[in-house]
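The primary structure of each chain is shown beneath.
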Amino acid sequence: MNEHNLLSVAFPKLDEIQISQLAGCTHAQPKLFRDGQTLFAVGERNMNFFVVKSGEVEIVDYSGDERKTIAIHRPGEFTGDISHLTGLPAVVSGIARGDCEVYEITGDALRQVLNQCPAISDIILQAFIARRQLLRESPNFTGLRVIGSRYSPDTFRVRDFLSKNRILFTWVDVENDPNVDRLLRQFGVTESDTPVVACGAMLLLRNPSNRQLADAIGIRQPLDDLVYDLVVVGAGPAGLAAAVYGASEGLRTAVLEQTAPGGQAGSSMRIENYLGFPTGLTGSELAGRAILQANKFGARLSVPTLVNRLAFENAYTLVRLDGGETVTAKCLLIATGADYRRLGVAGADRFEGTGVYYAATLAEAHLCQGSQVVVVGGGNSAGQAAVFLSGHAHSVLIVIRGDDLYKSMSSYLVQRIEQTPNIELLCNTTIRQMNGNGHLASVDIVHSKTGEEQTVETPGVFSFIGADPRTSWLPPEIERDGKGFVRTGADLARSPYWTSGRHPLLLETSRPGVFAAGDVRSGSVKRVASAVGEGAMAVQFVHEHLRHM
Ligand SMILES: Cc1cc2nc3c(=O)[nH]c(=O)nc-3n(C[C@H](O)[C@H](O)[C@H](O)COP(=O)(O)OP(=O)(O)OC[C@H]3O[C@@H](n4cnc5c(N)ncnc54)[C@H](O)[C@@H]3O)c2cc1C
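Keep in mind that this is a model prediction, so the values were computed, not measured.

**Some remarks on the overall build of the protein chain**
When helices and strands are tallied, the protein chain shows 14 helices and 26 strands. A compact globule built from 549 residues would reach a C-alpha radius of gyration of about 24 Å, and the protein chain, at 25 Å, matches this within 12%. Overall, the C-alpha framework of the protein chain stretches about 80 × 70 × 45 Å when taken along its three principal axes. Looking at the 549 residues of the protein chain, the share that counts as buried comes to 54%. Looking at the protein chain alone, contacts between residues at least 24 apart form 67% of all its contacts between residues at least 6 apart. For the protein chain, the accessible surface area stands at approximately 24,000 Å², while carbon and sulfur atoms represent 49% of it.

Structure representation (structure tokens):
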């Protein structure tokens, strides 16, 4: 979409009929705000939604060094963005400009409209998505400020956490940003305190943990103290699909995610084999839209929330969280996917986040701009990473142990690699050692057939060498195969842990009412589409289990 189209989608004008329909189904009455009065303020959660009847509402950004006007809503236009659906704090403020009359609609009433009036819902939802895109792409919007060094693993962790959670922020690199000294002085900190996180003129935190950061910026939603019909552990494609189908079919659904929604797919810069997206889409886009959809139907997403144990009581599953809390579920879906294997190379641990990466997104690409980078692995994720990085790095070396990329990678990706002049493939090759002082400077690679060694100067090694299931947190009652993947299906009727008179359903584990979907499941196809399909299917089985409970 070009900028003109994006602007018209972002700032539509409702006609009289649409406004009276909105006001009618939400019972909203006109309300007067005097010049300068605040309709909603930055940081506010569950803020109300306003349709302008007369006068103007100015949308103001206070996150940078000075106050900025982002937009002015005139009669027929409305306030708001995706925070209405995600329940996250507002990133801007709305101020009456002159006296203005508005229809004020609560967050809950807005959600109802979005579910029940498709014609208006489309206009509002598309505007919300387009507004967030405009803010994200705007060079003038600051958002949170992260001040830290490109060579600091904690700075990388904080940036990674914020970008995976789609929080708008600006990174001030201590190494080369001209404003660093002024900002450090302004916030009363020194370089040794970094990474620090600031919002507007306020210093929020010094080197926070992900959980502290999430609490400080208000993105961790509280969980209700009730029994959920369905608790999903993991918000990758499988978990998000289950959330959308579960919540839309009336199940009380909660999703618990340790890092950020999107899972492995969230770190893909181009998914080309997902049905319906012929030009491909980024994992982040897919996840962003799925989160909105899940929220729209009323699923509760809690991030970052690590589940570290399960216990069973009567027919219920007790889900223990790392903070000591317990969530009770009638049905549980294990959708914790898989984790990329660590590079077993001398020195690799020292450089995690400062030269060794397990994803290739813009966050990592910025750190390697114009340099030579090394991609390790011969699967599709390595191929995608190499193609993406070739657009940012000076050159990309793909290092594989085998002798033929076609054996492990889809041919469309191999062909793309062959056609990209700044990608070079090194077969029968492994990394022997990593070198550097504080941050990665070079790697020693060795040819397995000739024994020939070579040192390659590089600030970044991107590793995609297969994945292990994330199942170490599961109790013995959930049977796994020899590689640790969760077993499901009819065979488990013979399991000593199977306690029901009926047969296990297709995606059911050895414990009745506990299901598994996506990459974590034994025998699953490791693809976005199959994870989504299994997440959706699991909800059918949840209904079936609930009927017999
Ligand atoms: C770089 C890359 C590119 C890819 N590209 C493609 C592609 O183009 N096409 C394609 O079809 N497939 C692709 N894949 C594979 C695809 O992404 C996966 O098959 C898919 O993401 C699996 O989804 P999932 O929901 O089962 O698990 P995951 O995506 O692994 O998600 C699991 C989620 O569970 C969370 N979690 C784990 N343990 C816990 C816990 N104890 N408590 C709370 N949360 C937890 C994790 O943080 C994670 O978010 C790619 C994978 C990668 C890494």
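**Quick look at a nonpolar patch on the surface**
Taken together, Val-227, Tyr-316 and Met-549 make up a surface patch of nonpolar side chains, about 230 Å² in accessible area. Within the fold, Met-549 resides in the segment after helix H14 (528-548). With relative accessibility at 41%, the residue Met-549 sits in the partly exposed group.

**Observations concerning the environment of Thr-429**
Inspection of the secondary structure assignment puts Thr-429 in strand S21 (residues 429-436). Once the C-alpha coordinates of Thr-429 and Val-446 are considered, the two residues, 17 residues apart in sequence, prove to be 5.6 Å apart. A polar contact of 2.5 Å, which involves the side chain of Thr-429, links it to the backbone oxygen of Cys-427.

**Considerations on the side chain of Ser-302**
Inspection of the secondary structure puts Ser-302 in strand S12 (residues 300-302). Once residues within four sequence positions are removed from consideration, Ser-302 is found in contact with Arg-220, Gln-221, Leu-223, Val-255, Leu-256 and Glu-257.

**Focus: the pairing of strand S20 (residues 423-426)**
Pairing of strand S19 (residues 395-399) with S20 involves four bridges; the strand directions are parallel. Looking at the pairing, Val-399 lines up with Leu-426 of S20. Each parallel crossover has a hand, and the one from S19 via helix H13 (residues 411-419) to S20 is right-handed.

**Focus: the site of the ligand**
Within the structure, the ligand sits among 38 residues, and Glu-257, Gln-264, Asn-273, Gln-384 and Asp-519 are positioned closest to it. Note that an oxygen atom of the ligand is positioned 3.3 Å from one of the backbone N or O atoms of Ala-265. The separation between a nitrogen atom of the ligand and a polar main-chain atom of Val-307 is 2.9 Å. Listed by contribution, the elements that provide at least two residues to the shell around the ligand are helix H9 (237-248), strand S16 (338-340), helix H12 (380-390) and H14. Per-class residue counts for the shell around the ligand are 17 nonpolar, 15 polar and six charged.

**Considerations on the sheet that holds S21**
Spatially, three strands are ordered S21-S22-S23 in an open sheet, and the strand pairing comes out antiparallel. Each of the sheet's edge strands pairs with one partner strand only, and the pair in question is S21 and strand S23 (453-457). If you compare each strand with its neighbour and ignore which way they point, the axes differ by 25 degrees on average. Bridging between strand S22 (residues 440-447) and S23 involves five bridges; their strand directions are antiparallel. Note on S23: the bridge partner recorded for Ile-445 is Gln-454.

**What about the packing of H9 against helix H10 (residues 283-296)?**
Two numbers describe a pair of packed helices, the interaxial angle and the distance between the axes. Viewed as axis vectors pointing N to C, H9 and H10 meet at an angle of 25 degrees, and their least axial separation amounts to 9 Å. Judged by the angle between their axes, H9 and H10 are roughly parallel. Two packed elements cross with a definite hand, and for H9 against H10 that hand is left-handed. Across the interface between the two elements, Leu-240, Ala-243, Val-244 and Ala-247 from H9 touch Ala-287, Ala-290, Ile-291, Gln-293 and Ala-294 from H10. In the contact of H9 with H10, the residues fall into eight nonpolar, one polar and no charged.

**A few points about helix H7 (residues 180-187)**
Within the sequence span of H7, burial applies to Val-180, Leu-183, Leu-184 and Phe-187. Projected down its long axis, H7 shows its buried positions confined to an angular sector of 100 degrees, all on one face. In this structure, H7 carries Asp-181 and Arg-185 as exposed residues pointing more than 90 degrees from its buried face. Check the buried side of H7 and you find it contacts strand S6 (144-148), strand S7 (169-173), strand S8 (196-199) and strand S9 (202-206).

**Focus: unusual backbone geometry**
The peptide bond linking Thr-194 to Pro-195 adopts the cis configuration, its omega dihedral lying at 5 degrees. Positionally, Pro-195 belongs in the loop between H7 and S8. Of note, the amide linkage connecting Val-303 to Pro-304 takes the cis form, showing an omega dihedral of -5 degrees. Counting through the fold element by element, Pro-304 comes out in the loop between S12 and strand S13 (307-313). Phi is positive for Arg-166, close to 60 degrees, though the residue is something other than glycine.

**Some thoughts on the packing of helix H6 (residues 153-164) against helix H8 (residues 210-217)**
Close contact between H6 and H8 brings their axes to 10 Å; oriented N to C, the two are set at 50 degrees. If you check the angle between H6 and H8, you find them oblique. The element H6 and its partner H8 pack so that their crossing is right-handed. Within the contact between the two elements, H6 uses Arg-157, Val-158, Phe-161 and Leu-162 and H8 uses Asn-210, Leu-213, Ala-214 and Ile-217. Its residues placed into classes, the contact of H6 with H8 shows six nonpolar, one polar and one charged.

Definitions and cut-offs
- Residues numbered from 1 in each chain as written.
- Predicted model: local features only at pLDDT ≥ 70, side-chain atom pairs only at ≥ 80, totals over all residues.
- Heavy atoms only, no water.
- Helix = DSSP H or I, 4+ residues; strand = E, 2+ residues; numbered from the N terminus.
- Rg over C-alpha atoms; globule rule 2.2 N^0.38 Å.
- Buried < 20%, exposed > 50% of the residue type's maximum accessible area, 1.4 Å probe, protein only.
- Contact = heavy atoms within 4.5 Å.
- Areas by Shrake-Rupley, 256 points an atom, 1.4 Å probe, with all protein chains shown as cover.
- Patch = residues over 30% accessible without salt bridge, like charges linked within 9 Å, V, L, I, M, F, W, Y side chains within 5 Å.
- Salt bridge = Lys/Arg side-chain N within 4 Å of Asp/Glu carboxyl O.
- Polar contact = N/O pair within 3.5 Å; in protein donor to acceptor, adjacent residues only side chain to side chain.
- Pairing = 2+ DSSP bridges.
- Right-handed = clockwise from strand over helix to strand, strands pointing away.
- Near = heavy atom within 4 Å.
- Nonpolar A, V, L, I, M, F, W, Y, C, P; charged D, E, K, R; others polar.
- Axes fitted to C-alpha atoms, helices over the stretch in contact; angles between N-to-C directions.
- Parallel < 35°, antiparallel > 145°, perpendicular 65-115°, else oblique.
- Left-handed = near helix turned anticlockwise from the far one by under 90°.
- Arc of directions from axis to C-beta.

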